[in-house]
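Listed below are the residues making up each chain.
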Amino acid sequence: GIQVEQSPPDLILQEGANSTLRCNFSDSVNNLQWFHQNPWGQLINLFYIPSGTKQNGRLSATTVATERYSLLYISSSQTTDSGVYFCAVGGYQKVTFGIGTKLQVIP
Amino acid sequence: DSGVTQTPKHLITATGQRVTLRCSPRSGDLSVYWYQQSLDQGLQFLIQYYNGEERAKGNILERFSAQQFPDLHSELNLSSLELGDSALYFCASSSGGAPLHFGNGTRLTVT
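Residues numbered from 1 in each chain as written. Chains lettered and ligands numbered in written order. Predicted model: local features only at pLDDT ≥ 70, side-chain atom pairs only at ≥ 80, totals over all residues. Heavy atoms only, no water.

1. So, the overall build of chain A
Keep this limit in mind: We count a stretch as a helix when DSSP gives it H or I for four or more residues in a row; a strand needs E for two or more, and each element gets its number in order from the N terminus. Working rule for contacts: check all heavy atoms of both residues, and any pair within 4.5 Å makes them a contact. Per-residue and other accessible areas were derived by the Shrake-Rupley procedure at a 1.4 Å probe size, with only the shown protein chains allowed to occlude residues.
A tally of helices and strands in chain A yields zero helices and eleven strands. Taken from the N to the C terminus, the helices and strands of chain A come in the order β-β-β-β-β-β-β-β-β-β-β. Projected onto its principal axes, the C-alpha positions of chain A cover 40 × 25 × 20 Å. Considering only residue pairs separated by 6 or more positions, chain A has 54% of its internal contacts joining residues 24 or more positions apart. Carbon and sulfur atoms form 49% of the exposed surface of chain A, whose accessible area is close to 5,200 Å².

Pasting the structure below:
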């Protein structure tokens, strides 16, 4: 099946710093999504982005489908950004998740 | 609020027992996905249903089964429970494959 790799596995940021999270995938996909799992375990869909660039406030994402990677940018990080960020890829059936990037934003 | 409802929120049971987890998808979503997340692990895909029919199967154990009913709610049945089955079980729904919207999960503890 499709392989999804995320980097870095762990990240510690000072509040206000910027960061870039990367997701590489092994095969062409119909969709790519980014999720944030907060410290309470809730999974929030951040972006559905099979290709191109999208922005939502301080977050933006870019997917280059032909090169099989996606990037999630977090600007001016806040403590509420802490948690795990997952990339998920797939078609109309199985959606495969990467192992995530664990982000800690410290005041 | 994602619109996906999972019950119960917490479940504590003993080894060898059987439990049923329930999921109500968002209004209008025909697809339901089940995922297992063990402690500090990623999400493992278990199974997907679309409008009552099984569409895709992941690493789901034979002790586990699921179904989607005519009203589109889904149930995940876990039997002969083992300590290693302790995990957070998520249900997600979607319309046409993406984006996925997750419920808040059921935390299962097997003692």
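Having seen the model, we can carry on.
2. A look at the pairing of strand E7 (residues 59–64) of chain A
Residue and element names in this part refer to chain A. Under the convention used in this document: In this scheme, a residue with accessible area under 20% of its type's maximum is buried, one over 50% is exposed, and one in between is partly exposed, where area comes from a 1.4 Å probe on protein chains only. One bridge is not enough; two strands pair if DSSP finds at least two bridges between them.
Among the six residues that make up E7, five are buried, leaving the element largely enclosed by the rest of the structure. The pairing of strand E6 (residues 52–56) with E7 spans five bridges and is antiparallel. When the sheet's bridge partners are listed, threonine 53 is paired in E7 with threonine 62. The antiparallel pairing of E6 with E7 creates a hairpin that spans two residues between the two strands, and glycine 57 there sits at a positive phi of about 65°. Pairing analysis gives six bridges linking E7 to strand E8 (residues 69–74), with the strands arranged antiparallel.

3. With respect to the pairing of strand E9 (residues 87–94) of chain B
All names here are of chain B. The element E9 is extensively covered by neighbouring structure, given that eight of its eight residues are classed as buried. Residues Ala87, Tyr89, Cys91 and Ser93 point to one face of E9 and Leu88, Phe90, Ala92 and Ser94 to the other, with burial holding for every one of them. With seven bridges joining them, strand E4 (residues 31–37) and E9 adopt antiparallel strand pairing. Note that in E9 the partner of glutamine 36 across the bridge is tyrosine 89. For E9 and strand E11 (residues 106–110), the ladder comprises three bridges, and the chain directions are antiparallel. For tyrosine 89, the partnering residue across the bridge sits in E11 and is threonine 106. Across two bridges, E9 lies against strand E10 (residues 101–102) in antiparallel orientation. When the sheet's bridge partners are listed, serine 93 is paired in E10 with histidine 101.

Remember, this is a structural readout, not a statement about activity or role.
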